[in-house]
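# Observations on chain architecture
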Amino acid sequence: MAETNRYWQLAAHPEGTDFASAIKLVEEAMPEPGDRQILIRNLWLSLDAGTRMWMTAREDSYMAPTPLGSKVIGFVLGRVVASRHPDYAPGDLVRAYGQWADHSVLIPDLGDIWKLETIADMRQHFAVLGPNGWTAYVGLNEYGRVRPGETVLVSAAAGATGLLAAQFAREMGCRVIGIAGGAEKCAMLTGRYGLAAAIDYKAEDVAARLAAIAPAGVDCYFDCVGGPMLDDVLPNMAMNGRVAVCGLISTYDQAERSGPKTFDLVLMKRLTIAGFFSPDFYFRGEEINRLTRPWLDAGRVGMEFDVTDGLENTLTAYGKLFSGGNVGKTMVRLAE
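Report follows, based on the coordinates. (Residues numbered from 1 in each chain as written. Predicted model: local features only at pLDDT ≥ 70, side-chain atom pairs only at ≥ 80, totals over all residues. Heavy atoms only, no water.)

### Here's the deal with the packing of aromatic side chains
For the coordinates displayed, the defined rule picks out 18 aromatic pairs. Taken together, a centroid distance of 5.7 Å and an interplanar angle of 65 degrees make the contact between Trp 134 and Tyr 282 edge-to-face. In this pair, Trp 134 sits in helix H1 (residues 131-143) while Tyr 282 sits in the loop between strand S13 (272-275) and helix H7 (285-297), placing the two residues 148 residues apart along the sequence. The exposure class of Trp 134 is buried, given its relative accessible area of 1%. Ring centres of Tyr 318 and Phe 322 lie 5.3 Å apart, and the angle between their planes is 70 degrees; this geometry places the pair in the edge-to-face category. Taken together, the positions of Tyr 318 and Phe 322, both in helix H8 (residues 314-323) and 4 residues apart, correspond to about one turn of that helix. Just as Tyr 318 is buried, Phe 322 falls in that class too. Among the aromatic residues, those joined into a ring-pair cluster are Trp 54, Phe 75, Tyr 97, Trp 114, Phe 126, Trp 134 and Tyr 282. The ring centre of Tyr 7 lies 4.8 Å from the NZ or CZ of Lys 71, which sits over that ring. (Phe/Tyr/Trp six-rings, centres within 6.5 Å; stacked < 30°, edge-to-face > 60°. Helix = DSSP H or I, 4+ residues; strand = E, 2+ residues; numbered from the N terminus. Buried < 20%, exposed > 50% of the residue type's maximum accessible area, 1.4 Å probe, protein only. Lys NZ or Arg CZ within 6 Å of the ring centre and 35° of its normal.)

Structure follows, in structure tokens:
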């Protein structure tokens, strides 16, 4: 094993998407696990937009802010190389909240760590069979309360969670419309993934297009974006529609917050808006996977993977989440 460990350190709170000025690649002596801790070699990093909130000083977010000077936290997939915990042995494959680093020190007793089986495409442990898949399934069923025959709208539909929500809704018998940025992404959604329609928010009037292709209104809006797009969607919701708020990627890097101008339609249309946070149901992962894995195994749902090689290139990959430069699940490959 190497004698040193590289990691990304949060040196300052990033301004907008200027991550390079705030997050620094640092080298340290290889850490040793303490009592009931393990050390893993990271094989894959999962890059998720929600982690942007942890890089701010905001105290009323869904997670406490990462202290300045600390290692950047995120989901990792890796193998145990040293263990001082009785339930883990060298060679075990695990998924956990670790660090953007060559190696992560983990404390299993704090939770959010899973032993995994080897599968053909290990990346699916983050996609269909991981937090993105769990978020999509629970959001549609328990917050969006979708039913066969309904019209479901998904924003950021070419992103990791949005792409799964769109496919799951399709498999549940819904008519699915996706919103994405660019003609190529929209063509992928309708062609490769069988959505009924896709709206290019960069080139089309979202509100006008929705009115044309969903004249009876949207029954469920699976919202990964938040922000101004709600002003396009709320007027096009059906009576008694549901908005399941999964993410707010359009505002994660904004210092000032504002609500939709059309918020009064929540009353006029008797809408239900519910936010949900995926760690609240991580403990149900195995249960959800039993329901969604048959779709994966049968080739009925899948994922696009945007892979960047090398820890040193992590910030380049991370920036894609906020520029719209990624398609599907954004990951960094450190080793196989």
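Still to come is the rest of the account.
### Details of unusual backbone geometry
The residue Arg 145 is not glycine, and still its phi comes out positive at about 45 degrees. A positive phi is found at Ala 156, a non-glycine position, where the angle reads about 50 degrees. With a relative accessible area of 30%, Ala 156 lands in the partly exposed category.

### Things to note about the sheet that holds strand S12 (residues 237-245)
Across the sheet, 6 strands lie side by side as S10-S9-S8-S11-S12-S13; this open sheet has parallel pairing. Every other strand in the sheet has two partners, leaving strand S10 (197-200) and S13 as the edge strands with one partner each. Neighbour-to-neighbour, the strand axes of this sheet turn through a mean angle of 15 degrees, independent of strand direction. With 4 bridges joining them, strand S8 (residues 151-154) and strand S9 (residues 175-180) adopt parallel strand pairing. Each residue of the ladder has a partner; that of Leu 153, found in S9, is Ile 177. Relative to the sheet, H1 contacts S8, strand S11 (218-223), S12 and S13, its axis offset from that of S11 by approximately 145 degrees. Against the sheet, helix H2 (residues 160-171) contacts S8, S9 and S11, and its axis sits at roughly 170 degrees relative to S8. (Pairing = 2+ DSSP bridges. Axes fitted to C-alpha atoms, helices over the stretch in contact; angles between N-to-C directions. Contact = heavy atoms within 4.5 Å.)

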